[in-house]
Amino acid sequence: MLVVGAGPAGAVAALYCSKNGLDTVLVEKNREVGLHAGRRLDSSPDTNFELSKIVKELKLRTEHYVRTSKWFHLPSARFFVLNSEAGEYYFKRGYDENSFERSTVASALDHGCKLLLNTEVKQVRHDDGKDCKVLLQLRRGGETEKAQIIKPKVIIAADGCHSSLHKHLNLKKRVYRVGRIFGVTGEGFSDDGSSEVYFDANAIPGGYFYILTAKSGLSTAAIVMPGEIDPKKRFYAFVSKNMHDRIRHVENEFSGGAVIFKLNRLRRGNVLFVGDAAGLIDPLLGYGMAPAIISSYLAARCCVDAVRGDDLNIGSLKRYEKEAEVRFKRVLAYLLRGIFEALDDEDLELVFDMMEEMQRRGVDFDKLSNFDMKSMFKAFSAFCEKLPKSAQLLRIVLKLRMSYGRGM
């Protein structure tokens, strides 16, 4: 096994494969695991308890598990609280020894995985079959050492939205969105009982602000926005206006960008794409950890079955692509993302009206996973005639979902 990229997806894939007896090599282009992320907390919902099953099986490190989230619309001073049996996990990211990446890679090394740092994939010779040669380039200090050729039976590409395997295999992708994040990490920005999400269409057009706090007191506050605009100024303007007394004791800043895209295929021969490299970032709110962990787990499980059964051309590897396509249905999410970016503060206030009405009618939000919009549509159908022009498409999408939902 060759796993490219030691972020969350690559770390989980390497751990699963090595734990199940495969000779696994994990390569990372940076000099240390976790350098690309910046020290922070990330969160992801535990939809259908999928994350819980994987976390328990692989004994993955988490910082917190919360079942309550608070959603605020600041211009109207409205908010609602969601309580869910299937909550959300907090993960510590970055270069600390106890970060998710570092701790997961350490577990993989304990099971015999070999880690190559400062290493990049320079060339891939691939015939869509078993024969695959990979040229690895190792750097030490500022110098480049002699290249090394390896012949893996299977490759898991987990090296992000700018994956080197996209280029080497000449893959085409359809880009939907470019998003950016800026935030800070410190201590005690909020209590540790719930996540907080803030909306303000004027201050954060098409985006949102969030705060997470773990049991240890470690806190992250960040702003997520679409487009190429640097969100740093908007972050500090938002904090200064709304919560200057809360965002204190800052230890570090972090920033980054993500390209939300769709690959035509999640598999090319014996190369499987997972996480950000597969374009599996959640298009609506930008969650990345859950898709990374779940997709890499599915891919690694199929790889283990393929190697054990000597079934590298068909069967097991193809099964990953089918499983991932079923699990990560994103068409409706892309449509809703476009609608969300068009909403102004008057529209957002109406959305909060809808949420309050759904709560009043006792809608079970735990049953609305994977964009099961049929139940949601029934809950706020009374509001449909009042939808503003910017959200009229929502009504059409929901009706289509009810009629043709299986394909969306």
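## Brief notes about unusual backbone geometry
Move 1: The backbone of phenylalanine 49 sits at a positive phi, close to 60°, despite the residue not being glycine.
Move 2: Within the secondary structure, phenylalanine 49 sits in the loop between β3 (40-45) and α2 (50-58).
Move 3: For phenylalanine 49, a relative accessible area of 33% puts it in the partly exposed group.
Move 4: Positive phi is not limited to glycine here, since asparagine 170 has a value of about 55°.
Move 5: Tracing the backbone through its elements, the reader meets asparagine 170 in the loop between α4 (164-168) and β12 (173-187).

## Quick notes on the pattern of salt bridges
Move 1: The tally for this structure, following the rule as stated, stands at 19 salt bridges.
Move 2: Where glutamate 349 meets arginine 78, a salt bridge forms, and the shortest distance between an N and an O atom there is 3.6 Å. One end of the pair, glutamate 349, is in helix α9 (residues 345-360); the other, arginine 78, is in strand β5 (residues 78-93), with 271 residues separating them in the sequence.
Move 3: Arginine 102 serves as the salt-bridge partner of glutamate 97, at 2.6 Å between the closest nitrogen and oxygen.
Move 4: The structure contains a network of salt bridges with shared partners spanning Arg39, Lys92, Asp96 and Glu251.

## Points about the side chain of asparagine 118
Move 1: For asparagine 118, the position within the fold is in the loop between β6 (114-116) and β7 (119-126).
Move 2: Here the side chain of asparagine 118 touches arginine 31 through a polar contact of 3.4 Å, landing on its backbone nitrogen.

## Side note on the environment of tyrosine 198
Move 1: Counting through the fold element by element, tyrosine 198 comes out in strand β13 (residues 195-199).
Move 2: Taking the relative accessible area as the measure of exposure, tyrosine 198 reaches 4% and is therefore buried.
Move 3: Setting aside residues no more than four positions away along its own chain, tyrosine 198 makes contact with Phe72, Leu74, Ile204, Tyr208, Phe209, Ile211, Phe238, Met243 and Arg246.
Move 4: A distance of 3.1 Å separates the side chain of tyrosine 198 from the side chain of arginine 246, its partner in a polar contact.

## Focus on empty space enclosed by the protein
Move 1: Applying the stated criterion across every chain yields a total of one cavity of 30 Å³ or more.
Move 2: Space inside the largest cavity adds up to approximately 50 Å³.
Move 3: Lining the largest cavity are Phe199, Asp200, Ala201, Ile204, Gly206, Gly207, Phe340, Leu343 and Leu348.
Move 4: Residue composition of the lining of the largest cavity, by class: six nonpolar, two polar and one charged.

## Some details on the sheet that holds strand β1 (residues 2-4)
Move 1: Within the open sheet, the six strands sit side by side as β6-β2-β1-β11-β18-β17. Their pairing is mixed. Of all the strands in the sheet, just β6 and β17 (267-268) have a single pairing partner and so form its edges.
Move 2: Across three bridges, strand β11 (residues 155-157) lies against strand β18 (residues 271-273) in parallel orientation. When the sheet's bridge partners are listed, alanine 157 is paired in β18 with phenylalanine 273.
Move 3: The sheet contacts of helix α1 (residues 8-19) involve β1, β2 (25-27) and β11, and relative to β1 the element is tilted by about 165°.

## Let's talk about the packing of aromatic side chains
Move 1: Within this structure, the stated rule accounts for 20 aromatic pairs.
Move 2: Between tyrosine 16 and tyrosine 297, the ring centres sit 5.2 Å apart and the planes meet at 80°, which makes this aromatic pair edge-to-face. Of this pair, tyrosine 16 sits in helix α1 while tyrosine 297 sits in helix α6 (residues 289-308), placing them 281 residues apart in sequence. Note on accessibility: tyrosine 16 and tyrosine 297 belong to one class, buried.
Move 3: Considering the side-chain rings of tyrosine 198 and phenylalanine 238, the 6.5 Å spacing of their centres and the 65° angle between planes classify their relative orientation as edge-to-face.

## Section: the packing of α1 against α6
Move 1: Here α1 crosses α6 at 30°, and the two axes come no closer than 8 Å. Comparing their axes, α6 and α1 come out roughly parallel. Handedness of the α1/α6 crossing: right-handed. Mapping the contact onto sequence places Pro8, Ala9, Val12, Ala13, Tyr16 and Cys17 in α1 and Met289, Ala292, Ile293, Ser296, Tyr297, Ala300, Arg301 and Val304 in α6.

## Remarks on the environment of alanine 278
Move 1: Relative to the helices and strands, alanine 278 is located in the loop between β18 and α6.
Move 2: A residue is classified by how much of its surface remains accessible, and alanine 278, at 0% relative accessible area, is buried.
Move 3: For the pair alanine 278 and lysine 173, spaced 105 residues apart in sequence, the C-alpha separation works out to 9.6 Å.

## Description of the confidence of the model for the protein
Move 1: Averaged over every residue, the pLDDT of the protein is 84; the share at 70 or more is 84%.
Move 2: Low confidence marks residues 398-408, where pLDDT is under 50. Its contacts with residues over four positions away, or in another chain, come to 19 contacts.

## Considerations on the sheet that holds strand β4 (residues 64-73)
Move 1: Judged by pairing direction, the sheet is mixed, and its eight strands sit side by side in the order β3-β5-β4-β13-β14-β15-β12-β16 without closing on themselves. The strands lining the two open edges of the sheet, one partner per strand, are β3 and β16 (250-263). Put simply, the sheet's adjacent strands are angled 30° from each other on average, direction ignored.
Move 2: Inspection of the sheet shows strand β14 (residues 208-213) paired to strand β15 (residues 218-226) by six bridges, in the antiparallel sense.

## Focus on helix α3 (residues 100-110)
An α-helical turn contains 3.6 residues, so any two residues separated by three or four positions project in the same direction.
Move 1: Those residues of α3 that fall on the buried side of the exposure criterion are Phe100, Glu101, Arg102, Ser103, Thr104, Val105 and Ala108.
Move 2: The inward-facing, buried residues of α3 abut α1, β2, β5, β6 and α6.
Move 3: Positive phi appears at glycine 112, one or two residues downstream of α3, with a value of about 100°.

Each value, and the rule that gives it
Residues numbered from 1 in each chain as written. Predicted model: local features only at pLDDT ≥ 70, side-chain atom pairs only at ≥ 80, totals over all residues. Heavy atoms only, no water. Helix = DSSP H or I, 4+ residues; strand = E, 2+ residues; numbered from the N terminus. Buried < 20%, exposed > 50% of the residue type's maximum accessible area, 1.4 Å probe, protein only. Salt bridge = Lys/Arg side-chain N within 4 Å of Asp/Glu carboxyl O. Polar contact = N/O pair within 3.5 Å; in protein donor to acceptor, adjacent residues only side chain to side chain. Contact = heavy atoms within 4.5 Å. 1 Å grid on protein atoms, 1.4 Å probe; cavity = no way out; pocket = protein on both sides within 12 Å on 5 of 7 lines; lining within 4 Å. Points joined across faces, edges and corners; volume = space filled by probe spheres on them. Nonpolar A, V, L, I, M, F, W, Y, C, P; charged D, E, K, R; others polar. Pairing = 2+ DSSP bridges. Axes fitted to C-alpha atoms, helices over the stretch in contact; angles between N-to-C directions. Phe/Tyr/Trp six-rings, centres within 6.5 Å; stacked < 30°, edge-to-face > 60°. Parallel < 35°, antiparallel > 145°, perpendicular 65-115°, else oblique. Left-handed = near helix turned anticlockwise from the far one by under 90°. pLDDT = per-residue confidence, 0-100.

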